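Fold and geometry: a report
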Amino acid sequence: MKFKLLFILFLLSSYANAQNTFKAIIKDSITHEPLFGVAVSIENTVSGAISDANGMAIITNVPDGDQPIVVYFIGYKKTIL
């Protein structure tokens, strides 16, 4: 019983360590007002998010390593970070 519990805890902890999260607050560069509805995604994947009313965008389960982040909003220049 102890072995199974330890093994399950080990799997859960390794799974938790493998998760990365990208968080950003997106603001207009001139007015510094938060932008609502900005599309933020990891390039060449289906992972992404839309910024909320406070400009916050959160992408979970980001793969390890350097990942290009694409920021797109109508009326603004598309940016790759």
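Quantities reported herein were computed from a predicted structural model and do not represent experimental measurements.

**Some words on the packing of aromatic side chains**
Summed over all chains, the structure comprises one aromatic pair. Ring centres 5.4 Å apart and planes at 40 degrees place the aromatic pair Phe73 and Tyr76 in the tilted group. Since its relative accessible area comes to 22%, Phe73 is described here as partly exposed.

**Here we look at the environment of Asp64**
Within the secondary structure, Asp64 is located in the loop between strand S4 (56–59) and strand S5 (69–72). For Asp64, a relative accessible area of 56% puts it in the exposed group. With 44 residues separating them in the primary sequence, Asp64 and Asn20 have C-alpha atoms 7.1 Å apart. Within the structure, Asp64 has its side chain in polar contact with the side chain of Asn20 (distance 2.6 Å).

**A short note on the side chain of Ser51**
With respect to the helices and strands, the residue Ser51 is situated in the loop between strand S3 (48–50) and S4. Here Ser51 falls in the buried class, since its relative accessible area comes to 1%. Of note is the side chain of Ser51, whose polar atom sits 2.7 Å from the backbone oxygen of Leu35.

**Concerning the confidence of the model for the protein**
In this model, the protein carries an average pLDDT of 80, and 78% of its residues clear a pLDDT of 70 or more. Within the protein, helix H1 (residues 2–17) has the poorest average pLDDT of any element, 44, and S3 the best, 95. Counting interchain partners and residues more than four positions distant, the pLDDT-below-50 stretch residues 1–16 has zero contacts.

Rules behind the numbers
Residues numbered from 1 in each chain as written. Predicted model: local features only at pLDDT ≥ 70, side-chain atom pairs only at ≥ 80, totals over all residues. Heavy atoms only, no water. Phe/Tyr/Trp six-rings, centres within 6.5 Å; stacked < 30°, edge-to-face > 60°. Buried < 20%, exposed > 50% of the residue type's maximum accessible area, 1.4 Å probe, protein only. Helix = DSSP H or I, 4+ residues; strand = E, 2+ residues; numbered from the N terminus. Polar contact = N/O pair within 3.5 Å; in protein donor to acceptor, adjacent residues only side chain to side chain. pLDDT = per-residue confidence, 0-100. Contact = heavy atoms within 4.5 Å.

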